[in-house]
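# Breakdown of the fold
Letter by letter, the chains look like this.
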Amino acid sequence: MLISYVTSNQIYTQMKKLFLFLFGILPLATFAQSGKYIVNVNLKNLNKPTKAYLIYYNAAGKYIADSTISKNGGFQFQGQIPDIIKANLLVDHTGKGRKIAADSDVRSIYLESGKIELKGIDSVKNAIVSGAPVNEDYSKYFELAGQHLQSLEIIKAQAYATQKSTDQDEKARIDFVYGIISRAVKTLQLQFIKENPQSLISLEVLKEMSGVSMDLVKIEPLYSELSDKVKISPSGQEFAKTIAFEKNVAVGAMAPKFIQNDVNGKAVSLNEFKGKYVLIDFWASWCGPCRAENPNVVKLYNQYKGKGFTVVGISMDGDFTKNAWIKAIKDDGLEWTQLSDLKFTENAVAKLYGVKAIPQNVLIDPSGKIVGKNLRGKALEDKLKEILGS
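Scoring rules and cut-offs
- Residues numbered from 1 in each chain as written.
- Predicted model: local features only at pLDDT ≥ 70, side-chain atom pairs only at ≥ 80, totals over all residues.
- Heavy atoms only, no water.
- Phe/Tyr/Trp six-rings, centres within 6.5 Å; stacked < 30°, edge-to-face > 60°.
- Helix = DSSP H or I, 4+ residues; strand = E, 2+ residues; numbered from the N terminus.
- Buried < 20%, exposed > 50% of the residue type's maximum accessible area, 1.4 Å probe, protein only.
- Disulfide = S-S within 2.5 Å.
- Pairing = 2+ DSSP bridges.
- Axes fitted to C-alpha atoms, helices over the stretch in contact; angles between N-to-C directions.
- Parallel < 35°, antiparallel > 145°, perpendicular 65-115°, else oblique.
- Left-handed = near helix turned anticlockwise from the far one by under 90°.
- Contact = heavy atoms within 4.5 Å.

So, on to the packing of aromatic side chains. Two aromatic rings, taken as a pair, are described by how far apart their centres are and by the angle between their planes. Scanning the model with the defined rule gives twelve aromatic pairs in all. On the basis of an interplanar angle of 40° and a centroid distance of 6.4 Å, the ring pair of Tyr138 and Phe142 is categorised as tilted. Of this pair, Tyr138 and Phe142 are both found in helix H2 (residues 133-161), four residues apart, which corresponds to roughly one turn of the helix. With a relative accessible area of 6%, Tyr138 lands in the buried category. In this structure Phe142 comes out as partly exposed when scored by relative accessible area, which is 21%.

Given below as structure tokens:
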């Protein structure tokens, strides 16, 4: 999601929150594994002094980028953690710094109490991890699905790079390849969870499968198959709470009611739209994929507004992007009701509906029941055609 026009120091804190909200290496929920971690790395053919980084967000959400210089192919990181945390271990062979790129020598590990050993030839991403139970399980998972996961990251990067492109054939190719790889990844994730119900990594894989819009029909039965040890862990209990929350905003549930101000500061209630099919559309002026989806929503709004259908936009803009929000409404031709509390990623309605990333939407029927979620492109078109006719 492009935010290139936002550059002032005044909004640095808000941009940091956005990074955490959409892309961050967020701290894992607790596994009751607090204490001192020691990460030892030895790369046999790393002959010259090279800078290495350990990058993560701690339990308080603070960005940590510890660094050290290798000696004789080895280096070490150590520190205290309150709970297990997922981190990136990066070796900078080319002097580019800690920025992670597609060709970076980087490896995800779990910081946990005790010693974590990585041994390899010349790269950390191909090193063997041992010495800590969670990391050994993670190595098993990476051995099973790592190649597909890396391919998925590459195709995601390609999709991001072409989001403003007009080459529809290239976009269709990327979508097609992404679909094939993501289905393969999900198959391998499912295999790992079923084969390792006692592993805390299975819980983390299940969280990955949940994505930004949880499919309870698939996720809840998989959670129930995990061992009691995993389910009663702090992380397991926290995920159980997440499942309970998602039930309140799942397809078939009654949509939570809300009141929020429009662009003129007038309070608007969801109750005002009772009797219509309502698409609650979560977006923002700074969200590239949201803006790319807007023409499709405009087309369907114009096609079905005479058949009892409308849209209510919930913007994740803040005070500092209010003018950009108003301009985007005009530029994109969004004629429907637009609401926001201008609290950026802390938008109250987004929190009420458990929105973790945008674009995202919820479709409500005339009685106020949720009948669809996260419908974009052809999926939204097909759903409206199903319930309102062609």
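Here the focus is the state of the cysteines. What the rule picks out here adds up to one disulfide. A sulfur-sulfur distance of 2.2 Å marks the disulfide that ties Cys287 to Cys290. Residues Cys287 and Cys290 share a disulfide whose torsion about the S-S bond is about 75°; that sign makes it right-handed. For Cys287, a relative accessible area of 0% gives the class buried. For Cys290, a relative accessible area of 2% gives the class buried.

The next subject is the pairing of strand S1 (residues 35-43). In terms of burial, S1 is largely enclosed, as seven of its nine residues are buried. With eight bridges joining them, S1 and strand S4 (residues 74-81) adopt antiparallel strand pairing. Pairing of Val41 across the sheet is with Phe75, part of S4. As paired strands, S1 and strand S7 (residues 114-120) are joined by seven bridges and run parallel to one another.

Strand order in the open sheet made by the five strands is S13-S12-S11-S14-S15, with mixed pairing throughout. Each edge of the open sheet carries a strand with a single partner, namely strand S13 (337-339) and strand S15 (370-373). Averaged over all neighbouring strand pairs, the angle between strand axes comes to 20°, with direction disregarded.

Viewed as axis vectors pointing N to C, helix H4 (residues 200-210) and helix H7 (residues 234-248) meet at an angle of 25°, and their least axial separation amounts to 11 Å. Taken together, the axis directions place H4 and H7 in an arrangement best described as roughly parallel. Where H4 crosses over H7, the handedness of that crossing is left-handed. Residues Leu203, Glu204, Leu206, Lys207 and Ser210 of H4 form the contact with H7, whose participating residues are Ser235, Gly236 and Phe239.

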